[in-house]
Amino acid sequence: MIPFTYERAETPAAAVAAVAATPGAKFIAGGTNLLDLMKFQIETPAHLVDVRHLALHEIEETAEGGLRIGALVTNTEVASHPRVRRDYGVLSRAIVAGATGQLRNKATTGGNLLQRNRCPYFYNTDLPCNKRVPGSGCSAIGGISRSLAVIGTSERCIAQNPGDMAVALRVLDATVETMNAAGQARTIAIEDFYRLPGETPEIEFELQPGELITAVTLPPPLGGTHHYHKVRDRASYAFAIVSVAAVLQKDGTGRVAFGSVAPKPWRIEAAEAALPEGPGAVVSAAFERARPMEDNAFKIPLAERTLALVIAEGRA
Amino acid sequence: MVVNGIHRSLTLDTRTSLLDALREHLRFTGTKKGCDHGHCGACTVLVNGTRINACLSLAVMHEGDSVTTIEGLGTPGNLHPMQAAFLKHDAFQCGYCTPGQICSAVAVVDEIALGVPSHVTADIAAPMRLTNVELRERMSGNICRCGAYSNIAEALAEIAGDKHDSVHL
């Protein structure tokens, strides 16, 4: 790690002011991804503002019947919350499909949303990567691309969003609450939170510099059956090759999002409308514009088979 | 911070991980450094009763916290029941991963009692059941190169069985 200074903030307003006041400053909460990247010198903040002592640790009921999850509520706390387990099972299941008990105990809701990508070339500082060093090139195109995205990519970057929690949040149509550097609050739909790489793959999130996530809000429950199926290279503690998050209703309709296939959780509302016609129709529509590499083209038929499994699970 | 029940005051470089503070500055060398990137679980300790990877945590962020390492769980003359169970079931070979395995195992028993679901939990809305498959999934963040996993699961099942109505092996 390169040297950095550190301070502890006590309020969201103080935290955003502290980051705004110091060039190269970053927020730190659980730190499980940031510190890993700092050890590789992929992230090199000059100053860390510790936000763990802000009063953002609660899960509250909203007036509409949903839940407001403070940004600092840990992954374990969200997955274990009785209302999440009862009414938002897809979220609980997605969270416990990721990482390990140790990491989920530390990782926070806000921090998990900001998890960086896991492209092997992003992590290899000896090779070009447009996310790590803008303009240096993409080593993954023509390289080892088995785990990477098949849709939503660009000539600059084919990294996938590797998260689990965010795929469930996309199915639930969650919103992200933030505070900007001037102390103003706004909400961002989860649909808009992740950016496609386009010409600027180094910008992954729809956040302004110094903007702090304060909460994630879930709309009222959808009912139905909740599913998160993750296909990976080993039974536990591995990133998804393909994942499917779904909430299915008895009449055959529902919502579906795919994980680890695109730079963002991949949900196409027009495609999920084809759910009553079966998994083939949904996947054909959702991946119509896919541009897979030779190594990862298998993800599209795998997505269809995984969705078929989820639909069968819903009928059981 | 309080480490194994004793208040400790340290002045450290901001880059010092909790793991390095414990091992290099406080000489609690029971906690092991394996990968130093959160992959192997050898550095697992309990912070305010919760298991975390000490390698992915800055020491400076633990001001005011209570940290328990393997040395704080038990001593050679007064073993923690989980330590005794690991000995009884021969749940290690080289022993390098064992402090992390034991800290993790102690936390797993508590997590099941608190209703924390896992990836293999069939009904996440119901009280958690303690099965061999559950124990294995919940311990997946602790890698053992010697492959002592089945004996680790047996040690855990014995202790967890004392706290739960039934263990389904």
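Further up the page is the structure itself.
Residues numbered from 1 in each chain as written. Chains lettered and ligands numbered in written order. Predicted model: local features only at pLDDT ≥ 70, side-chain atom pairs only at ≥ 80, totals over all residues. Heavy atoms only, no water.

K.L.:
Teacher, can you tell me more about the side chain of B:Arg51 here?
P.N.:
Considering the arrangement of structural elements, one finds B:Arg51 in strand S4 (residues 50–53). A distance of 3.4 Å separates a polar atom in the side chain of B:Arg51 from a polar atom in the side chain of A:Gln102. (Helix = DSSP H or I, 4+ residues; strand = E, 2+ residues; numbered from the N terminus. Polar contact = N/O pair within 3.5 Å; in protein donor to acceptor, adjacent residues only side chain to side chain.)

K.L.:
Would you mind going over the environment of A:Glu7 with me for this structure?
P.N.:
Residues and elements named next belong to chain A. Here Glu7 is to be found in strand S1 (residues 5–8). Separated by 43 residues in the primary sequence, Glu7 and Asp50 place their C-alpha atoms 6.1 Å from one another. Aside from chain neighbours lying at most four places away, what touches Glu7 is Ala18, His47, Leu48, Val49 and Asp50. A distance of 2.7 Å separates a polar atom in the side chain of Glu7 from a polar atom in the side chain of His47. (Contact = heavy atoms within 4.5 Å.)

K.L.:
Is there a simple way to think about helix H3 (residues 81–88) of chain B in this case?
P.N.:
Owing to its 3.6 residues per turn, the α-helix brings residues three or four apart onto one side. All names here are of chain B. Listed as buried for H3 are Met82, Gln83, Ala85 and Phe86. Here the buried residues of H3 occupy an arc of 160° about the axis, which is enough to place them on one side. In H3, the exposed residues that point more than 90 degrees away from the buried face are Pro81, Leu87 and Lys88. Among the residues trailing H3, Asp90 stands out with phi positive, at a value near 55°. (Buried < 20%, exposed > 50% of the residue type's maximum accessible area, 1.4 Å probe, protein only. Arc of directions from axis to C-beta.)

K.L.:
Hey, could you run me through the interface of chain B and chain A in this one?
P.N.:
Where the parts come together, the accessible area they lose is often given as the size of the interface. Each side of the interface is counted separately: chain B has 38 residues, and chain A has 37 residues. Summed over both sides, the interface of chain B with chain A buries roughly 3100 Å², with 54% coming from carbon and sulfur. Our enumeration of links across chain B and chain A arrives at one salt bridge. At the junction of chain B with chain A, the criterion picks out 24 residue pairs in polar contact (both at pLDDT 80 or more). For the side of chain B that touches chain A, the elements supplying multiple residues, two or more each, are S4 and helix H4 (98–113) of chain B. For the side of chain B that touches chain A, the element with the highest residue contribution is S4(B), accounting for four residues. (Buried area = accessible area lost by both parts, 1.4 Å probe. Salt bridge = Lys/Arg side-chain N within 4 Å of Asp/Glu carboxyl O.)

K.L.:
Even after reading the chapter, I still don't get the packing of H3(B) against H4(B), so can you show me in this structure?
P.N.:
Angle between the axes and distance between the axes are the two parameters that describe a pair of packed helices. All names here are of chain B. Interhelical geometry of H3 versus H4 gives an angle of 120° and a closest axis separation of 10 Å. The angle between the axes of H3 and H4 places the two elements in the oblique class. Note on packing geometry: the crossing formed by H3 with H4 is right-handed. Touching Met82, Gln83 and Phe86 of H3 are Thr98, Gln101, Ile102, Ala105, Val106 and Val109, all from H4. Tallied by class, the residues present in the contact of H3 with H4 amount to six nonpolar, three polar and no charged. (Axes fitted to C-alpha atoms, helices over the stretch in contact; angles between N-to-C directions. Parallel < 35°, antiparallel > 145°, perpendicular 65-115°, else oblique. Left-handed = near helix turned anticlockwise from the far one by under 90°. Nonpolar A, V, L, I, M, F, W, Y, C, P; charged D, E, K, R; others polar.)

K.L.:
I'm lost on the sheet that holds strand S2 (residues 25–28) of chain A in this one. Help?
P.N.:
One key point about sheets: their strands pair by backbone hydrogen bonds, in either a parallel or an antiparallel sense. Residue and element names in this part refer to chain A. Taken in spatial order, the three strands make up an open sheet running S1-S3-S2, and their pairing is parallel. Strand pairing shows two members of the sheet lacking a second neighbour, S1 and S2, which therefore form its edges. The sheet shows a mean angle of 25° between the axes of neighbouring strands, taken without regard to direction. As paired elements, S1 and strand S3 (residues 47–50) share four bridges and run parallel to each other. Within S3, the position partnered with Thr5 by the bridge is His47. Against the sheet, helix H1 (residues 12–21) makes contact with S1, S2 and S3, and its axis sits at roughly 150° relative to S2, the strand it touches most. (Pairing = 2+ DSSP bridges.)

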